[in-house]
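Listed below are the residues making up each chain.
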Amino acid sequence: MKREGSALCVRAFIVLLWCATGLAAAPPPCLPGLNADPHLAESGGVFYLYPTSDGTEGWMSTSFRAWSSRDLLVWKDEGVVLDLPRDLKWAEVRAWAPAVAFKGGRCYYYFSAAQSIGVAVGEGPVGPFKDPLGKPLVAKGAWKGCQSIDPMVFVDGDGAAYLFFGQGRCMAVKLNDDMVSFDPSQVRDLTPPGYNEGPFVFKRNGIYHLSWSEFDTRDPRYSVACATADSPLGPYRKAAANPILKQRGEVKGAGHHSILRLPGRDEWVIAYHRFRIPGGDGYRRETCLSPLRFDANGAILPVDVFEAVHNRL
Ligand code: FUB
């Protein structure tokens, strides 16, 4: 406990030192170690980050951890929230790109495993999560040209929930009220030009924003682009000013993101990964948080990867 407290103090000191010196270097990552595909969420005034555990060739991780924070600055490791060999009957490896959705007091944890998409349900944001289906929600190869990975669920103001997923193609479908099933005949292909993977949807002032990653995650050009629509399932029009997040200077491979509005304000944060600095690549990635802003017309402005979110609450 004492050691954990000292580690947090050291991290907070490093971040404050970086702010104070104003060095023209990339800010430190928000989480220690190698973490990719971060999904940022908020529940009960607490922020949560759900990443892929990174650091193996071919992304061979077998479990997921979660992190919590009250200020987006100091993050607590909540431990393993889903362990594939222990908690699933149908997959043991390639634990990638989780995302959560809250409904009816429950937390639904969507994830990629063995190139399929699964869902697990918990009573709270850090589980314990249980697989109610005993099989994938979206099976490997279910849609042609689409790798069944990178799920994201958007819950609209009326409570309707929509699943977005896919590498290669961007698929979307309204979920049933149970949050763990859908009508396969209703799955739509929304693939925008340049799309590769990691779809994310949010709504601001009545406009739906779809964003995604372009290029391969091992490519330094990995980046995030966006489009808008008047309804959650589109049609989406790609914005003129793209990408909204990309490499700059020592920051390479910036992508696979999520976006969150800070409670009670029109202030937004983007979570994303980049190649570890120094010496990272597409298998050694680290998680960062930057402010996300809009222009007067509601279009997303380019993100400054040298601007970190620090203690905004
Ligand atoms: O982390 C494994 C894979 O790399 C994710 O599923 C992709 O989105 C890419 O970030």
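Undergrad: Teacher, can you tell me more about the pattern of salt bridges here?
TA: Between side chains of opposite charge, a pair can form as their charged atoms come close. Under the criterion given, the structure shown has 20 salt bridges. Taking the shortest distance from any N to any O, the salt bridge between Glu286 and Arg274 comes out at 2.9 Å. With a gap of twelve residues between them, Glu286 in strand E18 (residues 285–292) and Arg274 in strand E17 (residues 268–275) connect regions that are remote in the sequence. Taking the shortest distance from any N to any O, the salt bridge between Glu307 and Arg293 comes out at 2.8 Å. Taken together, the positions of Glu307 in the segment after E18 and Arg293 in the segment after E18 put the pair 14 residues apart, joining distant regions of the chain. A relative accessible area of 42% places Arg293 in the partly exposed class. Among the ionic contacts, a cluster of salt bridges with common partners joins Asp37, Asp54 and Arg285.

Undergrad: Looking at this structure, I do not really get the sheet that holds strand E10 (residues 171–174). What am I missing?
TA: Sheets are built from strands that pair by backbone hydrogen bonding, the pairs being arranged parallel or antiparallel. Strand order in this open sheet of four strands is E8-E9-E10-E11, and the pairing throughout is antiparallel. The sheet is open, and its two edges are formed by strand E8 (152–155) and strand E11 (188–189), each paired on a single side. Here E10 pairs with E11 via two bridges, running antiparallel. Opposite Met171, over in E11, you have Asp189 as the bridge partner.

Analysis parameters
- Residues numbered from 1 in each chain as written.
- Predicted model: local features only at pLDDT ≥ 70, side-chain atom pairs only at ≥ 80, totals over all residues.
- Heavy atoms only, no water.
- Salt bridge = Lys/Arg side-chain N within 4 Å of Asp/Glu carboxyl O.
- Helix = DSSP H or I, 4+ residues; strand = E, 2+ residues; numbered from the N terminus.
- Buried < 20%, exposed > 50% of the residue type's maximum accessible area, 1.4 Å probe, protein only.
- Pairing = 2+ DSSP bridges.

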